[in-house]
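# Analysis of the macromolecular model
Residue strings, one per chain:
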Amino acid sequence: MQKYDLFNGKVNNLLHGADYNPDQWLHRPDILEKDIELMKKANCNVMSLGIFSWSTLEPEEGQFQFEWLDQIINNLYQNGINVILATPSGARPDWLAAKYPEVLRVNADRSKNLFGERHNHCYTSPVYREKIKIINRKLAERYGNHPAVIMWHVSNEYGGDCHCELCQQDFRKWLQNKYGSLENLNRSWWSSFWSHTYTDWQNIESPAPQGMQSVHGLALDWKRFSSDQTIEFYKNEIEPLREISPEIPITTNFMYKYIGLNYWKFAQEVDVISWDSYPSWHSDYETDINRAVDSAFMHDMFRSLKDGKPFLLMESTPSKTNWQSVAKLKRPGMHKLSSLQAIAHGSDSVQYFQWRKSRGGVEKFHGSVVDHVGNENTRVFKDVSELGAELQKITSITGTSVKAEVAVVFDQENRWAINEASGPRQEKKDYLKTCLSHYKNFWQQGISVDIINQEKDFSKYKLVIAPMLYLLKEDTAARLKKFVKNGGTVVSTYWTGIVNENDLCFLGGFPGPLRDLFAIWSEELDALYDQDSNQIVIKDNSELKTGQEYEAKTFCDLIQLEGAEVLAEYKSDFYAGRPALTVNDYGKGKAYYIASRNEEQFLKDFYYSLVSKLNLSKTIVSQLPEGVTAQKRSDKNYDYIFLMNFSQDEKKVDLTEELMEFVSGNVIKDSIILEKYEVKILKK
Ligand code: GAL
């Protein structure tokens, strides 16, 4: 498999480092000096600088101060530490907000924010765009050729939307561009409902709690517009960087489960994907195993955004956060395990927020590599430096990737539409959770999975799983059918193929354009109360165990057969005996339709059977014990296998072939023991 080069040959090892905010410590040269000494002890080779430094870089309008940054960057470089240099648009100086109030954000209820916080700016404001471009140009001119600078970190966690008049005007232009005429817009939005027909472009306003909330096409388009506007803002930011330092790759840090942006679209504009991961380990509401599945899913998604190119774990906490409901410390072993989990799924870095704990401000209790005590004699520091040492030993993994035969479709526009939909239940529609429940079975079997949106190419997979694909684009339907026709297998569920991309219901029977693929049609969807349940019973002609029953809750789709074979039926209620699980032969492939939301065991049994039927390749051939996964990165010579135990117990993994322990070179036969939270890296 291909090896990637994220940094244009400038760096060829795994990165280990942190967000570094020396601008908070300029009055303490002793601390800045100590930082360098400690960074070396922590085995760090990179620091992300300047993320929120605008007020230090430009304390007055047009007055720039770079000398402090020169010193910091030079010093880092002389000590073998690279720099990921940020543009500072994530937060603004007070003079900017005071002189140009248009830069501050307006909320959906049309209230205007005051100066304060961060990420509090309008993405349209010409003034903000101009000011950030000026400072970005200065940064590029000064540091674009500095040998320490290996990457641009543009802004920080772009997110949120702004409803000011400037944004409204651009929204209207965006709509005119998309629809051409009001007639077309009104038809696409079904706006004659409740007399919402628009007669003038100027009358269109973004959704508001005191205004429009019921035109779903409008709501969807507002989300699309806000996402596009953020990407436009980003493109404005990077113009001078590209012009002056075309060799330096660009990233911007994405967020966990973030719903506000279409990351698949954004990904096309960045060179390297990076993201910030803060799982709540050891919580009382989720097991570490499920938490690990959730993190794995996100890592896989961020890797899939650029079709397998390694990403960067830009932020993670070395110990705890300050914003989760309870700031529980990572238990011994978890730091290494969760960090190497990122590497296992395709990250080429482990980076933290932050290097040194702030003395004041809202994040002064957030975990960091260096605590307020200011030295290396802490448990966290030791964990970090040990991990850094380990990363140096496994550096040949850099640039390798993951090959997946399975893809789970988790589509952002679909997510928007599902959230927006009124019915069939207001709560527990749980799109992401449903995708995770399918994904988990592959994680548990040590099978690599890509997480893609509905626009990605399906042809490279053997199995595509598209749960609850409520918003279905015509083109997706055509490509899915082609995929199956050519021999692929697709699995989908209830609430698929309900609306088109404008959120208009398909006429002529659900699942709309996929009706012939599954050879069923969905007549009614029964939404159940929390205490309700039904059962599905496996029929005798399927690969599952005949007569086996599984509980069905929340959603039961009442489907009619149009040629599909029935693998399970409902057991009770007025639809007892009607199909609950079907399969249809379509061309050379098969299309499975799971009509109800079933208990976990169902998906486990279903996918165990499908995996063996499709002969999907597993990282470790034998069955993995509960809570243990095996993930793999490869290049053309080697497979690097990460065995990870997220359970609280010691686990034994049986091997069917000899493998080599990567760091020690020891050969392992027969089996391998993993202690609680242990990770082992093997080479094949
Ligand atoms: C991130 C953010 C960092 C820091 C961190 C704390 O979302 O980018 O600046 O605030 O959270 O966990």
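Residues numbered from 1 in each chain as written. Predicted model: local features only at pLDDT ≥ 70, side-chain atom pairs only at ≥ 80, totals over all residues. Heavy atoms only, no water.

### Looking at the domain arrangement of the protein chain
- Each assigned domain of the protein chain is listed here: domain 1 (15-166 + 206-397), domain 2 (406-614) and domain 3 (628-683).
- Relative to domain 2, the C-alpha centre of domain 1 lies at a distance of 37 Å.
- Facing the 30 residues of domain 1 at the interface are 28 residues of domain 2.
- Of the roughly 2600 Å² buried between domain 1 and domain 2, counting both surfaces, carbon and sulfur atoms make up 60%.
- Scanning the region where domain 1 abuts domain 2 turns up four salt bridges.
- Measuring nitrogen to oxygen at the nearest pair gives 2.8 Å for the salt bridge that ties R303 to D450.
- On the surface where domain 1 and domain 2 come into contact, there are 19 residue pairs in polar contact (both at pLDDT 80 or more). (Domains from an automatic or database assignment. Contact = heavy atoms within 4.5 Å. Buried area = accessible area lost by both parts, 1.4 Å probe. Salt bridge = Lys/Arg side-chain N within 4 Å of Asp/Glu carboxyl O. Polar contact = N/O pair within 3.5 Å; in protein donor to acceptor, adjacent residues only side chain to side chain.)

### Here we look at the environment of A140
- Positionally, A140 belongs in helix α5 (residues 126-143).
- Residue A140 is classed as buried on the basis of its relative accessible area of 1%.
- Through-space distance from the C-alpha of A140 to that of L85 is 9.6 Å; in sequence the pair is 55 residues apart.
- Each residue touching A140, except ones within four places of it in the same chain, is listed here: W152, P240, L241 and I244. (Helix = DSSP H or I, 4+ residues; strand = E, 2+ residues; numbered from the N terminus. Buried < 20%, exposed > 50% of the residue type's maximum accessible area, 1.4 Å probe, protein only.)

### Comments concerning the site of the ligand
- Taken together, F52, R118, N156, E157, D276, Y278, E315, W323, F353, E363 and H366 make up the full set of residues near the ligand.
- Within the contact set of the ligand, an oxygen atom lies 3.0 Å away from a side-chain nitrogen or oxygen of N156.
- The contact in question runs from an oxygen atom of the ligand to an N or O atom on the side chain of E315, over 2.8 Å.
- Alone, the ligand offers 310 Å² of accessible surface; in the complex the protein occludes 94% of this.
- Among the residues making up the shell around the ligand, the classes are represented as four nonpolar, two polar and five charged. (Near = heavy atom within 4 Å. Areas by Shrake-Rupley, 256 points an atom, 1.4 Å probe, with all protein chains shown as cover. Nonpolar A, V, L, I, M, F, W, Y, C, P; charged D, E, K, R; others polar.)

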